[in-house]
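Tertiary structure, described
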Amino acid sequence: MTVDPRFYAPLGALTLGQVAELTGAVLDGESDLPVTGIASAANAQKGDLAFLDGDGKTAPEISANAGIFIINEANRKYVPDSSSTLVVRFPRHAHAVAALSMYRPRHLEWTGEARISPDAQVHEGAIVSPGAVVGPGAVIGEGTWIGPNVSIGPGVQIGRHCQIGANASVFCALVGDHVTLLAGARIGETGFGVLAAPDGQRDAPHFGRVILQDHVTIGANTCIDRGVFEDTILGERTKIDNLCQIAHNVVFGRSVVMAAFGGISGSVRVGNQSMLGGRVGIADHVEVGEGVSLAASSGLFRNVEDRETWGGTPAKPIRQWMREVAWLQKQANPKKNS
Amino acid sequence: MTVDPRFYAPLGALTLGQVAELTGAVLDGESDLPVTGIASAANAQKGDLAFLDGDGKTAPEISANAGIFIINEANRKYVPDSSSTLVVRFPRHAHAVAALSMYRPRHLEWTGEARISPDAQVHEGAIVSPGAVVGPGAVIGEGTWIGPNVSIGPGVQIGRHCQIGANASVFCALVGDHVTLLAGARIGETGFGVLAAPDGQRDAPHFGRVILQDHVTIGANTCIDRGVFEDTILGERTKIDNLCQIAHNVVFGRSVVMAAFGGISGSVRVGNQSMLGGRVGIADHVEVGEGVSLAASSGLFRNVEDRETWGGTPAKPIRQWMREVAWLQKQANPKKNS
Amino acid sequence: MTVDPRFYAPLGALTLGQVAELTGAVLDGESDLPVTGIASAANAQKGDLAFLDGDGKTAPEISANAGIFIINEANRKYVPDSSSTLVVRFPRHAHAVAALSMYRPRHLEWTGEARISPDAQVHEGAIVSPGAVVGPGAVIGEGTWIGPNVSIGPGVQIGRHCQIGANASVFCALVGDHVTLLAGARIGETGFGVLAAPDGQRDAPHFGRVILQDHVTIGANTCIDRGVFEDTILGERTKIDNLCQIAHNVVFGRSVVMAAFGGISGSVRVGNQSMLGGRVGIADHVEVGEGVSLAASSGLFRNVEDRETWGGTPAKPIRQWMREVAWLQKQANPKKNS
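Everything quoted here is computed from the prediction, not taken from an experiment.

Focus: the overall build of chain A
- Helix and strand counts for chain A come out as 4 helices and 40 strands.
- Once the C-alpha set of chain A is aligned to its principal axes, its extents read approximately 80 × 55 × 35 Å.
- Here chain A holds 338 residues, and 60% of them are scored as buried.
- In chain A, the share of contacts with a sequence separation of at least 24, taken over all contacts with a separation of at least 6, comes to 26%.
- About 12700 Å² of surface is accessible on chain A, with carbon and sulfur atoms providing 49% of the total.
- Computing the positive centroid from 28 side-chain charges and the negative centroid from 33, chain A places the two 11 Å apart.

Take a look at the structure:
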């Protein structure tokens, strides 16, 4: 994958030997092999450093082009023979250490007194309200309104005719045209990932982005996390209500509608024109087809085909769920329902 | 209805012919009839432009004083004979186009460097903390504390002895005395409404307000959306916990208590002294009486009479719900419970 | 208990007679007895003013050292004989009136134009981003990054190498080293407590703190309320996802993990290394052991022993819950499952 230099300053490639030294790993490979990037195992390309973690009981998805792995002993069996490997006890932590030696998140180096960075490009036809802050390298398009006390991070690109509501924040994101963020929306924060490290659990660093396509609307105080290595993407005209949570690496198609308190776990896919009722939750890696409806309060743990309607927790086809609700009511209340 | 000019600048009346031209509608009526306002069909008065949308299978509520309608063919049968009509394929979208030609939301024209607008009236006995922003036409009463990095929109009225917590935002709202908003509360954002337009789905513009009566308290990061045409209203001494969502046009009575993660859909009514437990959800247009209790995690889809206690999803009288829970447990675990 | 003077300015002790006068209470004790502090009945020490409220049907927890009580008639029977008492109709309200005469919350007196108070101590190796506000008496440690438009309240202590995300707010809190708050996190707001007063319901004032130990991470738009009299405490390396709610007086151990939309009611205890799935809710005063797992969407109303796994609403041991789900599905859908 390519880490976007607008959000993560490249600090230069490492050699395999340098990674071994940084992480205390046992090296099986050529010490001077260049490590030029970072990625998940599923998407790694030549030169990318990937990792395999966990107890080794499940075969991981591995890209055919992946060639450099940080692993623990339990996962050695999954690594292709031609690969270079670095063996450590906590592979994901070691990968994070190496990654942060190769890329520096720019938002943490943002200093100075200027509310609007002299290195930002704000179109003369854009409005930046009092109290709003725009970081270096950010670009704000024509006709866009940035509300009061908004925070726009370094390198963020915001298109034309957008409305960024009061006190919202946008980091590590590419935002199209006619996009509306209501007040307090949180775009591009680090997702929730806890990794094992020698001294206990730590946060997994994130190197991806959020991409909001044209005409997307995000509700007040809703959170859209950026991807770990890939991007979190919402397609054109997708509309998200207040107080929703969309985790890292989620991809929504076009014209999806999600009501308040929707909670979408990592790497979920939702197809075009699907409708998610209030308080819907979807477990990680679940795939939802096009034109699907999920009833309010559904808790979905399985994939759903195009144009189906599901409800309940755990969610199932809506008729089956309604049958269960009605049957239970009848059985448990015999007099009332006889 | 009357659109409040403090929040929406009136741009002048249109004629029926002008509306037809703006929206591409087929006109059945006098071209020079003045269109002097906008409203929902249920509340339209003489001169107001209303709309009827949808597939025409359900009879809409229509005010006896309504006389000008934007409709699609499917709804023609519901329009009183004496009315003027404008027929288009996407009536709600056409209505929005006309409405935005008659009223301009003031918060999007807020410019300048001044944190506290010279056109705001801040009482000398009020405190505006560092970083707080107060828009033109806003009024802040005696003894009120505006926290750091708060955003107060144009025209907002805040009474005496209020506390507006850090990083909160208040737009299109009238706030009484002794009102407390905790940090990050979002008052008066546009509600969630998706309308069909020729090029795909769009956000429905909102022209109403939020009204918070005396002694109301709103929790941290809670969102109270403003009404579409009418107002969203919380009665005296109503207390709302953190991270709740109250949608457009909701009306709460006096001394209602709602715990965290409560989610109230559009146009719901809740009577005085009712108590809503944590994570309660209520579907749109549901009416809840006075002194009602809803157990934590209830999902309510039906009206509830005064002083009843309900629970479960879908919610039902609490004894019935508890009977079902107990019966299921006993049946499914025969050994343990025999 | 000791009220932390960094957050609540001590206004001096009162005498029992003065408290009686302030609250209109009927005094049974020596009028010139000094009242030197405030506390809950469960934790009161010599000189502390405590209260007993409610209908008197449940015996309250009372500290052996408590000696001064504001009570109503219904609770007189629970007060030790040697105590001084003040009898009123609304004891919790009277206690609040007295408490606010003894301690003044400092955040409400924060004035001036300076974004960074001249009375704050910001380490030269810390970064305070544009738009961030730091109150008097606040301390920011070496290597800590304060994001744009953040609000740090008076007296707040933040350690070394912390990251405080954009538009977050921190009041009445002690924050350790290597703590991360994502954007919009709300630390140290008043918790949700509604008390009966002569003129109707009011908010209970809070005099406690939030304590976040080293390496704690708090997600975007998550709220951690401060304690009423005691503290709300999150132990080392505890990791909280976005949009969670943790109420007053909650204590989490070390390395707890809680996913999005978790809602923890007042005074709950959660032991080390427990894992709470998405949308878990826990009722007030429930105690959860170490190494416990709660499945996503659980609603927990009972204590859970160490290392158990529970699910469902109301939550029960996971196998029992799954048996019920499977049994119901089979019974209600006989053809499909036969």
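Topic: the interface of chain C and chain B
- Contact residues are listed per partner, giving 50 residues for chain C and 44 residues for chain B.
- Counting the surface lost from both chain C and chain B, the interface buries some 3500 Å², and carbon and sulfur atoms represent 57% of this.
- Counting the surface chain C buries against chain B, the share from its top three residues, Phe192(C), Gln201(C) and Trp327(C), is 20%.
- One can count 2 salt bridges joining chain C with chain B.
- Its salt-bridge partner being Asp199(C), residue Arg237(B) comes within 3.0 Å of it at the nearest N-O pair.
- For the pair chain C and chain B, the number of links is 26 residue pairs in polar contact (both at pLDDT 80 or more).
- Listing elements by their share of the side of chain C that touches chain B, those giving two or more residues are strand 23 (200-203) and helix 3 (318-332) of chain C.
- Split by residue class, the side of chain C that touches chain B holds 18 nonpolar, 20 polar and 12 charged.

Description of the relation of the copies chain A and chain C
- Laying chain A over chain C is done by rotating through 120° and shifting 0.0 Å along the axis; what remains is an RMSD of 0.1 Å. Expressed as an axis order, the relation between the two copies is that of a three-fold axis.

With respect to the interface of chain A and chain C
- Taken together, the contact between chain A and chain C spans 50 residues of the former and 44 residues of the latter.
- Summed over both sides, the interface of chain A with chain C buries roughly 3500 Å², with 57% coming from carbon and sulfur.
- Three residues stand out in chain A for area buried against chain C, namely Phe192(A), Gln201(A) and Trp327(A), and they jointly supply 20% of the buried area on that side.
- Here chain A and chain C share 2 salt bridges between them.
- Summed over the shared surface of chain A and chain C, the result is 26 residue pairs in polar contact (both at pLDDT 80 or more).

Some thoughts on unusual backbone geometry
All names here are of chain B.
- The residue after Thr313, namely Pro314, is reached through a cis peptide bond having omega -5°.
- For Pro314, the position within the fold is in the loop between strand 39 (309-311) and strand 40 (316-317).
- For Arg237, which is not a glycine, the phi torsion comes out positive at approximately 65°.
- When you line up the elements, Arg237 lands in the loop between strand 27 (232-234) and strand 28 (239-240).

Notes on the sheet that holds strand 18 (residues 169-170) of chain B
All names here are of chain B.
- Pairing within the open sheet is parallel, and its 9 strands lie in the order 12-15-18-21-26-29-32-35-38. Unpaired on one side and paired on the other, strand 12 (133-134) and strand 38 (299-300) mark the two borders of the sheet.
- Note that strand 15 (residues 151-152) and strand 18 share 2 bridges and pair parallel. Counted as the bridge partner of Ile152 is Val170 from strand 18.

Concerning the pairing of strand 6 (residues 48-52) of chain C
All names here are of chain C.
- Burial analysis of strand 6 places 5 of its 5 residues in the buried class, the great majority of the element.
- The alternating pattern of strand 6 places Asp48, Ala50 and Leu52 and Leu49 and Phe51 on opposite faces, both of which are buried.
- Two elements, strand 6 and strand 7 (residues 68-71), share 4 bridges in a ladder whose sense is parallel. Within strand 7, the position partnered with Phe51 by the bridge is Ile70.

Description of the packing of helix 3 (residues 318-332) of chain A against helix 3 (residues 318-332) of chain B
- At a minimum axis separation of 9 Å, helix 3 of chain A and helix 3 of chain B run at an interaxial angle of 95°. Compared by their axis directions, helix 3 of chain A and helix 3 of chain B come out roughly perpendicular. For the pair helix 3 of chain A and helix 3 of chain B, the contacting residues are Trp327(A), Leu328(A), Gln329(A), Gln331(A) and Ala332(A) in the first and Gln320(B), Arg323(B), Glu324(B), Trp327(B) and Leu328(B) in the second.
- Its residues assigned to classes, the contact of helix 3 of chain A with helix 3 of chain B comprises 5 nonpolar, 3 polar and 2 charged.

Some thoughts on the pattern of salt bridges
All names here are of chain A.
- Tallied over the entire structure, the rule returns 30 salt bridges over all chains.
- Here Glu73 makes a salt bridge to Arg76, at a shortest N to O gap of 3.2 Å.
- On the accessibility criterion, Arg76 (38% relative accessible area) is partly exposed.
- One salt-bridge network, held together by shared partners, links Asp4, Arg6, Arg209 and Asp231.

Overview of the sheet that holds strand 14 (residues 145-146) of chain A
Residues and elements named next belong to chain A.
- In space, the 11 strands of this open sheet follow the order 11-14-17-20-25-28-31-34-37-39-40, with mixed pairing throughout. Two strands close off the open sheet at either side, each with one partner strand: strand 11 (127-128) and strand 40 (316-317).
- Pairing of strand 39 (residues 309-311) with strand 40, which is carried by 2 bridges, proceeds in the antiparallel orientation. In the sheet register, Gly311 faces strand 40, and the bridge partner there is Lys316.

Some thoughts on the packing of aromatic side chains
- Under the criterion given, the structure shown has 18 aromatic pairs over all chains.
- Judged by centre distance (5.6 Å) and plane angle (55°), the rings of Tyr8(B) and Phe207(B) are tilted. Taken together, the residues Tyr8(B) in strand 1 (residues 8-10) and Phe207(B) in the loop between strand 23 (200-203) and strand 24 (210-212) connect sequence positions 199 residues apart.
- Judged by relative accessible area, Tyr8(B) falls into the buried class, the value being 0%.
- Of the residues examined, Phe207(B) reaches a relative accessible area of 2% and is grouped as buried.
- Taken together, a centroid distance of 6.2 Å and an interplanar angle of 70° make the contact between Phe261(B) and Phe261(C) edge-to-face. Taken together, the residues Phe261(B) in the loop between strand 31 (257-258) and strand 32 (263-264) and Phe261(C) in the loop between strand 31 (257-258) and strand 32 (263-264) connect one chain to another. Comparing Phe261(B) with Phe261(C), the two get one shared label, buried.
- By the ring-pair criterion, three or more aromatic residues cluster together here, those being Tyr8(A), Phe51(A), Tyr103(A), Phe207(A) and Phe229(A).

Section: the pairing of strand 22 (residues 194-197) of chain A
All names here are of chain A.
- Residues Leu195 and Ala197 point to one face of strand 22 and are all buried, whereas Val194 and Ala196, pointing to the other face, are not buried.
- Where strand 22 and strand 23 (residues 200-203) come together, 4 bridges link them in antiparallel fashion. Bridging from a neighbouring strand, Val194 pairs with Asp203 of strand 23.

A word on the environment of Arg92(A)
- Along the chain, Arg92(A) falls in helix 2 (residues 91-102).
- Placed 186 residues apart in sequence, Arg92(A) and Gly278(A) show a C-alpha to C-alpha distance of 35 Å.

Points about the side chain of Thr144(C)
All names here are of chain C.
- Along the polypeptide, Thr144 turns up in the loop between strand 13 (139-140) and strand 14 (145-146).
- On the basis of relative accessibility, which here comes to 1%, the residue Thr144 falls in the buried class.
- For Thr144, the side chain forms a polar contact with the main-chain oxygen of Gly159, separated by 2.7 Å.
- Once residues within four sequence positions are removed from consideration, Thr144 is found in contact with Gly125, Ala126, Ile127, Ile158, Gly159, Arg160, His161 and Cys162.

What to know about the packing of helix 1 (residues 16-23) of chain B against helix 2 (residues 91-102) of chain B
Residues and elements named next belong to chain B.
- At a minimum axis distance of 9 Å, the contact between helix 1 and helix 2 shows a crossing angle of 120°. The orientation of helix 1 relative to helix 2 falls into the category oblique. When the axes of helix 1 and helix 2 are compared, the crossing they make is right-handed. In contact with Val19, Leu22 and Thr23 of helix 1, helix 2 contributes Ala94, Val97, Ala98 and Ser101.

A few points about the environment of Gly191(B)
All names here are of chain B.
- Structurally, the position occupied by Gly191 is in the loop between strand 21 (186-189) and strand 22 (194-197).
- As for Gly191 and His206, which are separated by 15 residues in sequence, their C-alpha atoms are 7.1 Å apart.
- Aside from chain neighbours lying at most four places away, what touches Gly191 is His206, Asp225, Arg226 and His248.

Some remarks on the environment of Cys223(B)
- The topology assignment puts Cys223(B) in strand 26 (residues 223-225).
- Owing to a relative accessible area of 0%, Cys223(B) belongs among the buried residues under this scheme.
- A sequence separation of 93 residues divides Cys223(B) from Lys316(B), and the C-alpha atoms of the two residues are 27 Å apart.
- Beyond its immediate sequence surroundings of up to four residues, Cys223(B) is in contact with Ala220(A), Asn221(A), Asn242(A), Leu243(A), Arg186(B), Cys244(B), Gln245(B) and Ile246(B).

What counts, and where the lines are drawn
- Residues numbered from 1 in each chain as written.
- Chains lettered and ligands numbered in written order.
- Predicted model: local features only at pLDDT ≥ 70, side-chain atom pairs only at ≥ 80, totals over all residues.
- Heavy atoms only, no water.
- Helix = DSSP H or I, 4+ residues; strand = E, 2+ residues; numbered from the N terminus.
- Buried < 20%, exposed > 50% of the residue type's maximum accessible area, 1.4 Å probe, protein only.
- Contact = heavy atoms within 4.5 Å.
- Areas by Shrake-Rupley, 256 points an atom, 1.4 Å probe, with all protein chains shown as cover.
- Lys, Arg positive; Asp, Glu negative; His and termini not counted.
- Charge placed at Lys NZ, Arg CZ, Asp CG, Glu CD.
- Buried area = accessible area lost by both parts, 1.4 Å probe.
- Salt bridge = Lys/Arg side-chain N within 4 Å of Asp/Glu carboxyl O.
- Polar contact = N/O pair within 3.5 Å; in protein donor to acceptor, adjacent residues only side chain to side chain.
- Nonpolar A, V, L, I, M, F, W, Y, C, P; charged D, E, K, R; others polar.
- Least-squares fit on C-alpha atoms with pLDDT ≥ 70 in both.
- Pairing = 2+ DSSP bridges.
- Axes fitted to C-alpha atoms, helices over the stretch in contact; angles between N-to-C directions.
- Parallel < 35°, antiparallel > 145°, perpendicular 65-115°, else oblique.
- Phe/Tyr/Trp six-rings, centres within 6.5 Å; stacked < 30°, edge-to-face > 60°.
- Left-handed = near helix turned anticlockwise from the far one by under 90°.

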